[in-house]
Amino acid sequence: MTLIVGMRYLIVSGGFAWLTRRVRPGLYAGLSPQIRREIGWSLASAAIYGVPAGIVIWGWQERGWTRIYTDAGAYPLWWLPVSVLLYLLAHDAWFYWTHRWMHAPRPFSIAHAVHHASRPPTAWAAMSFHPWEALTGAVVIPTLVFLIPIHVAALGLVLAIMTFMGVTNHMGWEVFPRGLVQGPLGKWLITASHHQQHHERYRGNYGLYFRFWDRLCGTDLGLGAFGDAAAGRGGAGRG
């Protein structure tokens, strides 16, 4: 599982880094030492993520401990999208509060400073965590599969969304169209334009998928405009 998580990271982050070079040439210029550090920390995080993932696979296939199911008829079809939404909401809530806690002085200096050392973050920074921070992220989905029933395909979708959002939120430019980011959906969904404000200003925009907790708790800093600025300078913006 560590190998699978590591390969997933290299393929997805590498793919979006390649895309960045094509559509935002020069955006990562001069960041090679930082990118090497991001890859090193991310591969270490992959090893940590792989352990609970391996336990889940073993517990599911060998012991039947989890609530992962393969028979689509075991639950009503409407449960498929509901289960995906529940997983994303639960993950988002956990991420918001642990992330906000990590910005307290002591946990920040011990662990979270590793992630914020990426200035600006790149597509390689999605899993660039200190091991303590990686551990807090690695236990969420493995815990949920023991609590909330989910079809194996729906679980795959959750993991795909988690990976996609983690990478695209750190690329240093906005991959989603302006109509989505600045429209009604953008008021509740987190994209790079929202998350880059966190990396610029630190105190706020703590969510992962949704802006719900930030808006509820008064920590929503709004959207950044780096995408337009970067385009206007031929891709020399920051995230």
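Residues numbered from 1 in each chain as written. Predicted model: local features only at pLDDT ≥ 70, side-chain atom pairs only at ≥ 80, totals over all residues. Heavy atoms only, no water.

K.L.:
Mind showing me how you'd approach the confidence of the model for the protein here?
P.N.:
The predicted coordinates should not be examined in detail at positions where pLDDT is low. Here the protein averages 92 in pLDDT, while 94% of its residues score no lower than 70. Below pLDDT 50 for its whole length, residues 227–239 participates in 28 contacts with residues either more than four positions away or in separate chains. (pLDDT = per-residue confidence, 0-100. Contact = heavy atoms within 4.5 Å.)

K.L.:
What is the right way to look at the packing of helix α3 (residues 79–101) against helix α7 (residues 152–168) in this model?
P.N.:
α7 packs onto α3 with a crossing angle of 40° between their chain directions and a minimal axis gap of 9 Å. Regarding the angle of α3 to α7, the classification is oblique. Seen along the crossing, α3 lies across α7 with a hand that is right-handed. Counting all contacts with α3, which are made through Leu 80, Ser 83, Val 84, Tyr 87, Leu 88 and His 91, the residues of α7 involved are Ala 154, Leu 155, Leu 157, Val 158, Ile 161 and Met 162. Taken together, the residues of the contact of α3 with α7 break down into ten nonpolar, two polar and no charged. (Axes fitted to C-alpha atoms, helices over the stretch in contact; angles between N-to-C directions. Helix = DSSP H or I, 4+ residues; strand = E, 2+ residues; numbered from the N terminus. Parallel < 35°, antiparallel > 145°, perpendicular 65-115°, else oblique. Left-handed = near helix turned anticlockwise from the far one by under 90°. Nonpolar A, V, L, I, M, F, W, Y, C, P; charged D, E, K, R; others polar.)

K.L.:
When you look at the side chain of His 198 in this model, what are you seeing that I'm missing?
P.N.:
Looking at the element boundaries, His 198 is found in helix α9 (residues 192–201). For His 198, the residues in contact, after removing those within four places along its chain, are His 99, His 103, His 112, His 116, Gly 204, Asn 205 and Tyr 206.

K.L.:
I keep staring at the packing of helix α2 (residues 32–63) against helix α5 (residues 131–138) and nothing clicks. Help me out?
P.N.:
The relative placement of two packed helices comes down to the angle between their axes together with the axis-to-axis distance. Direction vectors running N to C along α2 and α5 enclose 40°, while the axes themselves pass 9 Å from each other. Judged on the interaxial angle alone, α5 and α2 are oblique. As α2 packs across α5, the resulting crossing turns out to be right-handed. Residues Trp 41, Ser 45, Ile 48, Tyr 49 and Pro 52 of α2 lie in contact with α5, whose contacting residues are Pro 131, Ala 134, Leu 135, Gly 137 and Ala 138.

K.L.:
Can you walk me through unusual backbone geometry in this structure?
P.N.:
Most peptide bonds adopt trans geometry, and most residues besides glycine take a negative phi value. A cis amide bond, omega 0°, links Arg 119 with the succeeding residue Pro 120. Among the secondary structure elements, Pro 120 is positioned in the loop between α4 (105–116) and α5. Not every positive phi belongs to a glycine, and Tyr 202 is a case in point at roughly 70°. Along the polypeptide, Tyr 202 turns up in the loop between α9 and α10 (212–217). Exposure remark for Tyr 202: the relative accessible area of 21% places this residue in the partly exposed category. A positive phi is found at Asn 205, a non-glycine position, where the angle reads about 55°. By the secondary structure assignment, Asn 205 is in the loop between α9 and α10. The class of Asn 205 is buried, set by a relative accessible area of 0%. (Buried < 20%, exposed > 50% of the residue type's maximum accessible area, 1.4 Å probe, protein only.)

K.L.:
Would you mind showing me how to read α7 here?
P.N.:
The periodicity of an α-helix, 3.6 residues per turn, causes residues three or four places apart in sequence to face the same way. The first and last C-alpha atoms of α7 sit 24 Å apart over 17 residues, in line with the 24 Å expected at 1.5 Å per residue. Among all positions in α7, only Ala 154, Leu 155, Val 158, Met 162, Thr 163, Met 165, Gly 166, Val 167 and Thr 168 are buried. Residues of α7 that are buried in the fold lie against α1 (2–23), β1 (68–69), α3, α6 (140–144), β2 (150–151) and α9. (Expected span 1.5 Å × (residues − 1).)

K.L.:
Looking at this structure, how should I read the environment of Trp 58?
P.N.:
Within the fold, Trp 58 resides in helix α2. The partly exposed category is assigned to Trp 58, whose relative accessible area is 40%. Spatially, the C-alpha atom of Trp 58 lies 16 Å from that of Val 5, the residues being 53 residues apart in sequence. Ignoring anything within four residues of it in the chain, the contact list for Trp 58 reads Arg 63 and Trp 65.

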